[in-house]
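Analysis of the macromolecular model
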Amino acid sequence: MNLKNHFIISMPTMNDAIFSRSVVFICEHNRDGAMGIIINKPIFELNVASVLDRLEITANKSCAELEHPVFSGGPLAEEQGFILHTPQSGFSSSINISGDVMITTSLDALKSIGTPEQPKDLFLALGYSSWQSLQLEAEVARNDWLVADADPKIIFEVAIEDRWQKAAESLGININTISHQMGNA
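These numbers were taken from a predicted model, which means no experiment stands behind them.

A word on the side chain of Ser129
- On the secondary structure map, Ser129 appears in strand 9 (residues 122–132).
- Judged by relative accessible area, Ser129 falls into the buried class, the value being 0%.
- In this structure the side chain of Ser129 is engaged in a polar contact, spanning 3.0 Å, whose partner is the backbone oxygen of Gly73.

What to know about the nonpolar core
- Counting 29 residues, the largest nonpolar core has Phe7, Phe25, Ile37, Ile39, Leu84, Phe123 and Ile155 as its most contacted members.
- Secondary-structure elements contributing two or more residues to this core are strand 1 (6–10), strand 2 (23–30), strand 3 (33–38), strand 6 (76–85), strand 9, strand 10 (145–149), helix 4 (152–156) and helix 5 (163–169).
- With residues up to four places along the chain from it excluded, the contact list for Ile39 reads Phe7, Val23, Phe25, Phe71, Leu84, Phe123, Ile154, Ile155 and Arg163.
- One finds Ile57, Cys63, Leu110 and Leu122 within the second-largest nonpolar core, a separate group that totals 19 residues.

Considerations on the packing of aromatic side chains
- Summed over the entire model, instances satisfying the criterion amount to six aromatic pairs.
- Measuring from centroid to centroid gives 6.1 Å for Phe19 and Trp131, while their planes differ by 40°, and the two rings are tilted. In this pair, Phe19 sits in the loop between strand 1 and strand 2 while Trp131 sits in strand 9, placing the two residues 112 residues apart along the sequence.
- Assessed through its relative accessible area of 5%, Trp131 is described here as buried.
- Each ring, one from Phe82 and one from Tyr128, has its centre 5.5 Å from the other, and the planes form 65°; the classification is edge-to-face. With a gap of 46 residues between them, Phe82 in strand 6 and Tyr128 in strand 9 connect regions that are remote in the sequence.
- Every member of this aromatic cluster is reached through a ring pair, and the members are Phe19, Trp131 and Trp145.

Describing the pairing of strand 1
- For strand 1, the tally of buried residues reaches five of five residues, placing the bulk of the element in the interior.
- Burial along strand 1 is two-sided: the residues His6, Ile8 and Ser10 and Phe7 and Ile9 are all buried.
- Of the strand pairs in this sheet, strand 1 and strand 2 are connected by three bridges, and their pairing is antiparallel. Paired with Ile9 across the two strands is Val23, which belongs to strand 2.

Quick word on the pattern of salt bridges
- Per the stated rule, a full pass over the model turns up three salt bridges.
- In this structure, the salt-bridge partner of Glu169 is Lys166, at a minimum N-O distance of 3.5 Å. Taken together, the positions of Glu169 and Lys166, both in helix 5 and three residues apart, correspond to about one turn of that helix.
- Under the relative-accessibility criterion, Lys166 is labelled partly exposed at 37%.

Considerations on the confidence of the model for the protein
- Overall, the prediction assigns the protein a mean pLDDT of 90, with 95% of residues at 70 or greater.
- Mean pLDDT values for the elements of the protein range from 85 in helix 2 (residues 107–111) up to 98 in strand 3.

Some words on unusual backbone geometry
- Residue Arg21 is not a glycine yet carries a positive backbone phi of 55°.
- Positive phi outside glycine occurs at Glu56, with the angle close to 55°.

Notes on the environment of Thr115
- Considering the arrangement of structural elements, one finds Thr115 in the loop between helix 2 and strand 9.
- Here Thr115 falls in the partly exposed class, since its relative accessible area comes to 30%.
- Along the sequence, Thr115 and Ala59 sit 56 residues apart, while their C-alpha atoms lie 8.1 Å from each other.
- Of the polar contacts made by the side chain of Thr115, one reaches the backbone oxygen of Ser112; its length is 2.6 Å.

Criteria and cut-off values
Residues numbered from 1 in each chain as written. Predicted model: local features only at pLDDT ≥ 70, side-chain atom pairs only at ≥ 80, totals over all residues. Heavy atoms only, no water. Helix = DSSP H or I, 4+ residues; strand = E, 2+ residues; numbered from the N terminus. Buried < 20%, exposed > 50% of the residue type's maximum accessible area, 1.4 Å probe, protein only. Polar contact = N/O pair within 3.5 Å; in protein donor to acceptor, adjacent residues only side chain to side chain. Core = buried A, V, L, I, M, F, W, Y, C linked by side-chain atoms within 4.5 Å. Contact = heavy atoms within 4.5 Å. Phe/Tyr/Trp six-rings, centres within 6.5 Å; stacked < 30°, edge-to-face > 60°. Pairing = 2+ DSSP bridges. Salt bridge = Lys/Arg side-chain N within 4 Å of Asp/Glu carboxyl O. pLDDT = per-residue confidence, 0-100.

What follows is the structure in structure tokens.
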């Protein structure tokens, strides 16, 4: 099972403070483990403009992206920025996750905000989530997570408070009425 370019959607029974009602976009998954970014946990006191100010990056003040929230991508490296963006050439370290989403930690994506080089869509998170080898597979088997194909619209367009529900709906599931019990067929 390779979950790269998938969402994992926490089950309603998950009580973990970080992952409760979370949608995680899996950026990498291989035999060594998995890495992902939570896409629906905004850091309410931070927006893109405040991050750019802290980094002393000047952007066009009328740019709508400056008001976008910054997200808590997970409990690891919470001071490190991760930018998910639609494909755009010219950034020094962007990595393709799919034909629709790239990831970078490079400042050049932030410096592009408000310029013609800016990607159509971007998403800024601090920190990331990680699983050791076979850990995520075990959590999925234990029924902690639903797995769905990633939909870039959910990352970039769906209202934050609706992402958990919409990700589950992509599987035909109403997450609010799903059974809390699992069984074996």
